[in-house]
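Below, each chain spelled out in residue letters.
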Amino acid sequence: MSKKILVTGGTGYIGSHTIIDLIENGFTPVSLDNGINSDASILEQVEQITGVKVKHYAVDLCDYDATRSIFEKESFDGVIHFAALKAVGESVAYPFKYFRNNLNSTLNALELSKEFGVKAFIFSSSCTVYGNVESSPVTESTPLMDAASPYGRTKQMGEQMIQDTIAENSLTKAIILRYFNPAGAHISGLIGEAPTNQALNLVPVITETAIGKRPSMSVFGTDYPTRDGSCIRDYIHVMDLAHAHTLALKSILDDQQQIPIEIYNLGIGAGASVLEVIHAFESVTGQALNYVITERRPGDVVAIYANYEKAKTQLSWEPKYNIEDIMRTAWDWEIKRSKL
Ligand code: WQD
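Every value quoted in this text rests on a predicted model; they were computed, and no experiment measured them. (Residues numbered from 1 in each chain as written. Predicted model: local features only at pLDDT ≥ 70, side-chain atom pairs only at ≥ 80, totals over all residues. Heavy atoms only, no water.)

A.B. asks: Could you give an account of the layout of surface pockets, with specific residues and numbers?
C.D. replies: Its volume calculated, the second largest pocket comes out at about 200 Å³. Mapped by element, the contributors of at least two residues to the lining of the second largest pocket are helix 1 (13–24) and helix 8 (238–253). It is helix 8 that provides the largest number of residues to the lining of the second largest pocket, a total of 5 residues. Of the residues that constitute the lining of the second largest pocket, the class distribution is 6 nonpolar, 4 polar and 5 charged. (1 Å grid on protein atoms, 1.4 Å probe; cavity = no way out; pocket = protein on both sides within 12 Å on 5 of 7 lines; lining within 4 Å. Points joined across faces, edges and corners; volume = space filled by probe spheres on them. Helix = DSSP H or I, 4+ residues; strand = E, 2+ residues; numbered from the N terminus. Nonpolar A, V, L, I, M, F, W, Y, C, P; charged D, E, K, R; others polar.)

What follows is the structure in structure tokens.
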């Protein structure tokens, strides 16, 4: 019998790509999303890619009663909790919106998973929990510094909720996945990053500028203490990220994980600066990008990239894609998206 997995934020960017990987690995995903920053029609493309029609609940995870009724109706072997607002800069402007949405949704997902005996709880965390680290690469034992933004704070608090509630004897085991910078699109070009709100992350801003949706883009500061003055991040292809979730799920459901909670960094261990990402786009597409250099963005971390050895050894996870693959797939998707 195929194991049933609840994917909160299932119509979102990483959620939809993970649903594809779950299906391709024999799982039965069930999507839950309130559509605050995504469109459920993406599941039609998921069906086109996989041949599977995914059950979807258009429900707000912050609505405890509505979410509980889904746990009463279904029987989940695992929960992957993606649903969250995730723009660092936006969280600085709207902290209460971020605390309310990201904490209440995590509380409900975690409490109901425990109450209904869900075996595996996978939490979508972020490298932003490390704060403004002094050096990189960071490992999972790098001490967490003060979060640089309310978004990063909500992920630190989400991790704490898990540490405080998943005990030695609980049936539910948990895995915390700390993503670095997810980017790129599915190799088919049929799905990709498609926020219903204006894109704020670097890679979609680049492709939207290149296709003419924006007259130009800003590089938020080139006066940082880095090799070219712009911030450094570890960009990980969304398909690599998606597969890591499947491997994490298997490590609990196949009884490999012995301890209640494991934490894994998910990055490719290579840092790329903002200007280097722009140049990678230009070299992959042969298209010059119109950008201006502006002030720093509040909440930005100077430089951070991953040591992912733990995921490599314990989950047998190995990223397959690099920054050029990210820019190529992101650009293919932007071109297709503009014709939809
Ligand atoms: C990257 C760099 C910006 C836009 C992301 C996700 C967050 C989390 C961590 C998963 C920064 C610069 C950006 C622009 C720019 N991931 N930039 N001009 O802030 O690292 O956070 O990764 O949970 O969810 O948001 O990503 O893409 O916003 O910024 O210069 O128009 O690009 O200043 O240095 P960030 P980002």
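A.B. asks: Break down the site of the ligand for me, citing the residues and quoting the values.
C.D. replies: Taken together, 21 residues form the shell around the ligand, and within it Tyr151, Leu202, Arg233, Arg297 and Asp300 come nearest. Backbone polar atom of leucine 202 to an oxygen atom of the ligand: 2.7 Å apart, as the coordinates give it. Within the backbone of phenylalanine 220, one N or O atom sits 2.9 Å away from an oxygen atom of the ligand. In the complex, the protein chains occlude 95% of the 680 Å² of accessible area that the ligand would expose alone. Elements supplying a minimum of two residues to the shell around the ligand: strand 7 (181–183), helix 7 (202–211) and strand 8 (217–220). With 4 residues, the top contributor of residues to the shell around the ligand is strand 8. Split into classes, the residues belonging to the shell around the ligand amount to 13 nonpolar, 4 polar and 4 charged. (Near = heavy atom within 4 Å. Polar contact = N/O pair within 3.5 Å; in protein donor to acceptor, adjacent residues only side chain to side chain. Areas by Shrake-Rupley, 256 points an atom, 1.4 Å probe, with all protein chains shown as cover.)

A.B. asks: Run through the pattern of salt bridges, naming residues and quoting values.
C.D. replies: Inspection of every chain in the model, using the stated rule, returns 18 salt bridges. The partner of glutamate 208 in a salt bridge is arginine 337, with the nearest N and O atoms 3.6 Å apart. Within this pair, whereas glutamate 208 is found in helix 7, its partner arginine 337 is found in helix 11 (residues 323–339), the two being separated by 129 residues in sequence. A residue is classified by how much of its surface remains accessible, and glutamate 208, at 8% relative accessible area, is buried. (Salt bridge = Lys/Arg side-chain N within 4 Å of Asp/Glu carboxyl O. Buried < 20%, exposed > 50% of the residue type's maximum accessible area, 1.4 Å probe, protein only.)

A.B. asks: Requested: an account of the side chain of glutamate 334, with residues and values cited.
C.D. replies: Relative to the assigned elements, glutamate 334 resides in helix 11. Judged by relative accessible area, glutamate 334 falls into the buried class, the value being 2%. Here the side chain of glutamate 334 touches lysine 213 through a polar contact of 2.7 Å, side chain to side chain.

A.B. asks: Tell me about the sheet that holds strand 2 (residues 28–32), and name the residues and values.
C.D. replies: Within a beta sheet, neighbouring strands are joined by backbone hydrogen bonds and run either parallel or antiparallel to one another. One open sheet holds the 7 strands; their spatial order is 3-2-1-4-5-6-11, and the pairing between them is parallel. Taken across any chain shown, the strands that pair with only one partner, and hence form the sheet edges, are strand 3 (55–57) and strand 11 (261–266). Taking each pair of neighbouring strands and ignoring which way they run, the sheet shows an average axis angle of 20°. Bridge count between strand 6 (residues 173–179) and strand 11: 6 bridges; the pairing is parallel. (Pairing = 2+ DSSP bridges. Axes fitted to C-alpha atoms, helices over the stretch in contact; angles between N-to-C directions.)

Just distances and angles here, no functional claims.
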